[in-house]
Amino acid sequence: MLTAADVSRFHKNGFVVAEGLADGEVCDELQALAVNHLQQNLAPVEYEVDLQYPGSPVHPEALGGMTVRRLLQACSRDLAFRKWAAHASVKACLQQLFELEQIGLSQCHHNCIMTKQPGFSSVTLWHQDNRYWAFDQDNLISVWLALDEENHKNGCLRVIPGSHRLALDPGRFDASLFLRADLAENKALIKRAERVELKAGDILFFHSKLFHAAGRNLSDQIKFSVVFTYHDFNNHPIAATRSAQFPSINI
Ligand SMILES: O=C(O)CCC(=O)C(=O)O
């Protein structure tokens, strides 16, 4: 469970870290599965080349062109991922943050294991996850479980505290809904960013409107993180969008 101070920090800043919420055994089991699936290139996966973010290989045949960025559909990969996604401690924290009983787990985006690899990982520019989502209310929460240490060197997340409460004009974004880096007002906003450094078992809860970004993995180890996104079960995805592609699970 989160403390009352954690809950108010979340509402104020748009994120909160629960240290050591997942125990070592869970992290080891999920990591072993992720390593195995990555070695087998077990579909569905997303490649760095698919995204064409800064630093991505330009072509599937280029050096690093088969670098996997995400193992997709985590819930359907192994019961262990599904169990983690619906774990009692995760559910209890989400009930506190949403102030709700019924929590939906989306299977449409995130629902993945991030596999940030040395050598060919790309830079994720400043964005809100609402660029991926289409729900009646833009009020979703992602749960990011670090399976290893996450730090500046291996490309941990950076966040802008309180930015989930901003309403920015469309002109502040590029065509892909990343913050435009050429605008002075965006540069001033980005200066407020903080790193979210995590240890294995730590969980970052963050709001879908929180601006965040991440760098490349400059270490020599793959960084594995498990990420799921949740919503009020009565907050529905908009029909015919990617958010409605698969049904949510009532955890
Ligand atoms: O680890 C990263 O590169 C950030 C990923 C991210 O922000 C996202 O998938 O929304």
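Residues numbered from 1 in each chain as written. Predicted model: local features only at pLDDT ≥ 70, side-chain atom pairs only at ≥ 80, totals over all residues.

Q: In this structure, what is going on with the sheet that holds strand β6 (residues 124–127)? I would like to understand it.
A: Remark on secondary structure: sheet strands pair via backbone hydrogen bonds, oriented parallel or antiparallel. Taken together, the 4 strands give an open sheet; going across it, the order is β6-β11-β8-β9, and neighbouring strands pair in antiparallel fashion. Strands at the two margins of the open sheet, each flanked by one partner only, are β6 and β9 (194–195). As defined by bridge partners, strand β8 (residues 157–159) adjoins strand β11 (residues 212–214) across 3 bridges and the pair is classed as antiparallel. Looking across to β11, one finds that R158 is bridged to A213. (Pairing = 2+ DSSP bridges. Helix = DSSP H or I, 4+ residues; strand = E, 2+ residues; numbered from the N terminus.)

Q: Mind showing me how you'd approach the site of the ligand here?
A: Lining the immediate surroundings of the ligand are M114, K116, T124, D129, G155, L157, H212 and A214. Only β5 (112–116) and β11 provide two or more residues apiece to the shell around the ligand. The class makeup of the residues in the shell around the ligand is 3 nonpolar, 3 polar and 2 charged. (Near = placed C-beta within 6 Å. Nonpolar A, V, L, I, M, F, W, Y, C, P; charged D, E, K, R; others polar.)

Q: Which parts of the structure should I look at to understand the environment of I113?
A: Mapped onto the elements of the fold, I113 is located in strand β5. As a C-alpha pair, I113 and Q73 span 40 residues in sequence and 8.5 Å in three-dimensional space. Contacts of I113, omitting those with residues within four sequence positions, involve A34, R70, L71, A74, F224 and V226. (Contact = placed C-beta atoms within 7 Å.)

Q: Teacher, can you tell me more about the nonpolar core here?
A: One recurring pattern in soluble globular proteins is that nonpolar side chains are buried together. Counting residues in each nonpolar core, the largest one holds 59 residues, and the members touching the most others are V143, I203, L204, F205 and V226. Per element, the largest residue contribution to this core is 6 residues, and it comes from strand β7 (residues 140–146). If we ignore the near neighbours within four places in the chain, the residues touching L204 are F15, V17, W144, L157, V196 and L198. (Core = buried A, V, L, I, M, F, W, Y, C linked by C-beta atoms within 7 Å. Buried ≥ 20, exposed ≤ 12 C-beta atoms within 10 Å, placed from the backbone.)

Q: Whenever I open this one, the pairing of strand β12 (residues 223–232) confuses me. Can you help?
A: Residues in a regular strand project their side chains so that they alternate between the two faces of the sheet. Across the 10 residues that make up β12, a large majority, 10, are buried. Taken together, the 3 bridges between strand β4 (residues 103–105) and β12 define a ladder with antiparallel strand orientation. From the neighbouring strand, L105 faces β12, where its bridge partner is Y230. Relative to β12, β5 runs antiparallel, the two being bridged by 5 bridges. By the bridge assignment for β12, K116 is matched with K223.

Q: It is not clear to me how helix α2 (residues 24–40) should be interpreted in this structure. Could you clarify?
A: An α-helix turns once per 3.6 residues; consequently, residues spaced three or four apart project the same way. The terminal C-alpha atoms of α2 lie 24 Å apart, and with 17 residues this matches the ideal 24 Å at 1.5 Å per residue to within 8%. All of the buried residues in α2 are C27, L30, L33, A34 and H37. Take α2 and look down its axis: the buried residues cluster within an arc of 135°, on one side only. Away from the buried face of α2 by more than 90 degrees, exposed residues G24, E25, D28, A32, N36, Q39 and Q40 are located. The inward-facing, buried residues of α2 contact β3 (68–71), α4 (74–77), α5 (79–85), β5 and β12. Downstream of α2 by one or two residues, N41 has phi in the positive range, about 55°. (Expected span 1.5 Å × (residues − 1). Arc of directions from axis to C-beta.)

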